[in-house]
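Coordinate inspection notes
Chain by chain, the residues:
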Amino acid sequence: MENKKEEFMREAIKLSFERMRAGLGGPFGAVVVKDGEIIARGNNRVTSSNDPTAHAEVVAIREACKALGTFQLDDCELYTSCEPCPMCLGAIYWARPKKVYYANTKKDAAEINFDDDFIYKELEVNIDKRKLPMEQMLRDEALEAFKEWASKEDKIEY
């Protein structure tokens, strides 16, 4: 099985090279594997799609969920060419794969100017002290949707 894992990681790394060289985005690739088969591939498409959320892991998760017809990746593994950024890590936790494998580290990414450390630090700062100003408003109105959700009989839990 170890050789199979290396094969999956090599595919993620190959995507990072191919799609970067094609001008589609940064040097990041990812694959989702289920039952020993690649079911989805993703590469960084931020600049080619004008979508700041189109990181390789998010693209691969979207494709895998579409292929499986579900919003969770139970019994799947994610192979990514780099340790996930905070956004991707959040998406991965929501997708719930059973394991994540990565190649490059976030330090490696920072050394080529993909530095997400400031986001990790911002998460620890009180909202009123963050670099991005945030202001709460209309909470009472918004809470009505939460109350309705809480009592909704036909909701799909996630």
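To be clear, the structure that these remarks concern was listed above.
The notes below deal with the structure included here. (Residues numbered from 1 in each chain as written. Predicted model: local features only at pLDDT ≥ 70, side-chain atom pairs only at ≥ 80, totals over all residues. Heavy atoms only, no water.)

So, the overall build of the protein chain
The cut-off we apply is this: Segments assigned H or I by DSSP are reported as helices when at least four residues long, segments assigned E as strands when at least two residues long, and all are numbered from the N terminus. Exposure classes here rest on a 1.4 Å probe applied to the protein chains alone. A residue is buried below 20% of its type maximum, exposed above 50%, and partly exposed in between. Residue contacts are defined here by distance: any two heavy atoms, one from each residue, within 4.5 Å place the two residues in contact. Note on areas: Shrake-Rupley, 1.4 Å probe, and residue coverage restricted to the protein chains presented here.
A tally of regular secondary structure across the protein chain gives 7 helices and 4 strands. Ordered by position from the N terminus, the helices and strands of the protein chain form the series α-β-β-α-α-β-α-β-α-α-α. Viewed in the frame of its principal axes, the protein chain has a C-alpha envelope of about 55 × 40 × 25 Å. Buried residues in the protein chain amount to 30% of all 158 residues. In the protein chain, 49% of the contacts between residues at least 6 apart in sequence involve partners at least 24 apart. By element, 53% of the accessible surface of the protein chain is carried by carbon and sulfur atoms, the whole surface being about 10,800 Å².

Some details on the pairing of strand 1 (residues 29–34)
To be explicit about the condition: Here, any two strands with at least 2 DSSP bridges between them count as paired.
Where burial is concerned, most of strand 1 is hidden: 5 out of the 6 residues are buried. Strand direction decides the pairing type here: strand 1 and strand 2 (residues 37–43), joined by 6 bridges, are antiparallel. Across the sheet, the residue bridging to Val33 is Ile38, located in strand 2. Between strand 1 and strand 2, which pair antiparallel one after the other, the connecting turn spans 2 residues, and Asp35 there sits at a positive phi close to 55°. The pairing of strand 1 with strand 3 (residues 76–82) spans 5 bridges and is antiparallel. Within the sheet, the bridge partner assigned to Val33 lies in strand 3 and is Glu77.

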